[in-house]
Amino acid sequence: MATDGRFVWHELRVPDPAAAARFYGELLGWSADAVPTGVTFRASGVPVGGASDVKPGIPSHWTPFVAVADVDAVARGAAAAGGIVTSGEPADVPGVGRLAPILDPHKAIFAVLHPLTEPVPSREVGAFVWARLRTPDVGSSARFYEQVIGWSATLSPEGDAAVFDLADGTRVAEVLPATLEDPFGWLPFVRVGDLEESRDRAAALGAAVPGALVEVPGGRGRFSIIRDPQGASIALLEAY
């Protein structure tokens, strides 16, 4: 399908999905529909993600889902390349599709999904528009995702950063070294209309807003990373 290789869903794992629905509804204007596993988030009526219970002992986090044509083949490839399919094997989820949650060799969580219906891509306010991976080893992470997902990785001359592209040249994500200040693993970026207003609202709603605004290279926008009240990190992006 046309969305293969793209991020098509983001699942928030938290102790209290209902509280998360209230927070993100007030922050981003998302609506939330109750489902058996928790809630589904909609931005302007379009499903963009959901929230469900996190397992005991695991911190709150977002899990990005990548659309693939053959979940079973990708899961086998991930295991052969040093990843772990955390569910043991892929599974069919009624009304959703076939999926497999995977830990990459550096224990960053993501999932692959063959959805039952073609997702509707969006770049509008409230949609997920970018992704960043923080990892201890940029080079080995780039090779893993090239091999498993089929992305084309381009490393910086120094080898300390990389970007992932689809075969048609669409850029889908970036890879940076892990640091003490930035969250490890996959970080989703959601588009907002006014970054400063969104940061202030997030803080008023109980989120931690630890860093300054960051300009996107090339003057294409700016972003800020926040931690929601249950500790999950997300980046708010104001695109120009």
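The following refers to the structure shown. Being a predicted model, the structure only gives us computed values, none of them experimental.

## Examining the overall build of the protein chain
- Along its length, the protein chain carries 4 helices and 17 strands.
- Radius of gyration (C-alpha) of the protein chain: 17 Å, near the 18 Å computed for a compact globule of 240 residues.
- Here the C-alpha coordinates of the protein chain stretch approximately 45 × 45 × 35 Å along the principal axes.
- Out of the 240 residues belonging to the protein chain, those deemed buried represent 46%.
- Expressed as a percentage of contacts within the protein chain between residues at least 6 apart in sequence, the contacts between residues at least 24 apart total 58%.
- Summed over its atoms, the accessible surface of the protein chain is roughly 11,200 Å², and 55% of this surface lies on carbon and sulfur atoms.
- Taking the 19 positively charged and 29 negatively charged side chains of the protein chain as two groups, their mean positions are separated by 1 Å.

## Structural notes on the packing of aromatic side chains
- According to the stated counting rule, one finds 20 aromatic pairs in the structure shown.
- Where Tyr 24 meets Phe 41, the ring centres are 6.0 Å apart and the plane angle is 55°; that geometry is what we call tilted. Placement of Tyr 24 in helix H1 (residues 17–28) and of Phe 41 in strand E3 (residues 38–43) is noted, with a sequence separation of 17 residues between them. Both residues of the pair, Tyr 24 and Phe 41, belong to the buried class.
- Judged by centre distance (5.5 Å) and plane angle (90°), the ring pair of Tyr 145 and Trp 186 falls under edge-to-face. Separated by 41 residues along the polypeptide, Tyr 145 in helix H3 (residues 138–149) and Trp 186 in strand E14 (residues 185–191) bring together distant segments of the chain. Accessibility classification places Tyr 145 together with Trp 186 in one group, the buried group.
- Through successive ring pairs, a cluster of aromatic residues spans Phe 7, Phe 110, Phe 144, Tyr 145, Trp 151, Phe 164 and Trp 186.

## Observations regarding H3
- With 12 residues, H3 ought to run about 16 Å at 1.5 Å a step, and its terminal C-alpha atoms sit 16 Å apart, in line with that.
- Here H3 has its buried residues at Val 138, Gly 139, Ser 141, Ala 142, Phe 144, Tyr 145, Val 148 and Ile 149.
- One side-chain oxygen at the N-terminal end of H3 lies 3.2 Å from the backbone nitrogen of Gly 139; it belongs to Asp 137.
- Following H3 by one or two positions, Gly 150 has its phi on the positive side, about 95°.

## Observations concerning the nonpolar core
- Counting 30 residues, the largest nonpolar core has Phe 110, Val 112, Tyr 145, Ile 149, Trp 151, Phe 164 and Trp 186 as its most contacted members.
- Of all the elements in the fold, those that place two or more residues in this core are helix H2 (71–80), strand E8 (97–103), strand E9 (109–115), strand E10 (128–135), H3, strand E12 (162–165) and strand E13 (171–177).
- Here the element with the most residues in this core is H3; it accounts for 6 residues.
- Leu 27, Val 48, Ala 207 and Ile 226 belong to the second largest nonpolar core, which has 25 residues in total.

## Some details on the sheet that holds E13
- The strand order E11-E12-E13-E10-E14-E17-E16-E15 describes an open sheet built from 8 strands, whose pairing is mixed. A single partner strand is all that each edge strand has here, and the edge strands are strand E11 (152–155) and strand E15 (214–215).
- With 2 bridges connecting them, E15 and strand E16 (residues 221–227) associate as antiparallel partners. Within E16, the position partnered with Glu 215 by the bridge is Arg 222.
- Docked against the sheet, H1 engages E14, E16 and strand E17 (233–239), running at close to 15° with respect to E17.

## Some words on the layout of surface pockets
- When its volume is computed, the second largest pocket comes out at roughly 650 Å³.
- Lining of the second largest pocket is provided by 26 residues; of these, Trp 130, Glu 174, Val 216, Pro 217 and Arg 220 occupy positions nearest its centre.
- At the level of elements, E10, E11, E12, E13, E14, E15, E16 and E17 are the ones that each hand at least two residues to the lining of the second largest pocket.
- If one sorts the elements of the lining of the second largest pocket by residue count, E13 sits on top with 4 residues.
- Class assignment for the residues of the lining of the second largest pocket results in 16 nonpolar, 3 polar and 7 charged.

## Examining the side chain of Thr 40
- By secondary structure assignment, the location of Thr 40 is in strand E3.
- Take Thr 40: its relative accessible area is 14%, and that puts it in the buried class.
- Among residues more than four places away in sequence, those in contact with Thr 40 are Trp 9, Ser 31, Ala 32, Asp 33, Val 35, Pro 47, Gly 49 and Gly 50.

Cut-offs applied
All residue numbers here refer to positions counted from 1 along the written sequence of the relevant chain. This being a predicted model, a pLDDT of at least 70 is required before a residue's local features are given, and a value of 80 or more before pairs of side-chain atoms are given or counted; all residues contribute to the totals for chains, interfaces and linings. Values shown for side chains rest on all heavy atoms present in the structure; no hydrogens or waters enter the calculation. In this text, helices come from DSSP runs of H or I with a minimum length of four residues, and strands from runs of E with a minimum of two, each type numbered from the N-terminal end. Atoms counted for the radius of gyration: C-alpha only. Globule rule: 2.2 Å times the number of residues to the power 0.38. For the exposure calls, accessible area comes from a 1.4 Å probe over protein chains only, and a residue counts as buried if that area is under 20% of its type's maximum, exposed if over 50%, partly exposed in between. Two residues qualify as a contact provided that any one of their heavy atoms is within 4.5 Å of a heavy atom in the partner residue. For accessible areas, the Shrake-Rupley method is used with a probe of radius 1.4 Å. Any residue's cover is judged against the shown protein chains and nothing else. In summary, the charge assignment counts Lys and Arg as positive and Asp and Glu as negative, without counting His or the chain termini. For the purpose of locating charges, the reference atoms are NZ of Lys, CZ of Arg, CG of Asp and CD of Glu. Only Phe, Tyr and Trp rings are paired, with Trp represented by its six-membered ring, and only when their centres lie within 6.5 Å; those with planes under 30 degrees apart are stacked, over 60 edge-to-face, the remainder tilted. Multiply 1.5 Å by the residue count of a helix minus one, and that product is the helix's expected span. Throughout this description, a polar contact denotes any pair of N or O atoms lying within 3.5 Å of each other; where both atoms belong to protein, one of them has to be capable of donating a hydrogen while the other can accept it, and for residues adjacent in sequence the pair is counted only when both atoms sit in side chains. Among buried residues, those of type Ala, Val, Leu, Ile, Met, Phe, Trp, Tyr and Cys that are joined through side-chain atoms within 4.5 Å constitute a nonpolar core. Two strands qualify as a pair provided DSSP detects at least 2 bridges between them. Axis lines are fitted through C-alpha atoms, for helices just across the contact stretch, and the angle between N-to-C directions can take any value from 0 to 180 degrees. Cavity means a closed set of points on a 1 Å grid over the protein atoms alone, one where a 1.4 Å probe fits but cannot get out, pocket means an open set with protein on both sides within 12 Å along at least 5 of 7 lines, and lining means a residue has an atom within 4 Å of a point. Grid points are joined across faces, edges and corners, and a volume is the space filled by probe spheres set on the points. Residues are sorted three ways: Asp, Glu, Lys and Arg are charged, Ala, Val, Leu, Ile, Met, Phe, Trp, Tyr, Cys and Pro are nonpolar, and all the rest, Gly among them, are polar.

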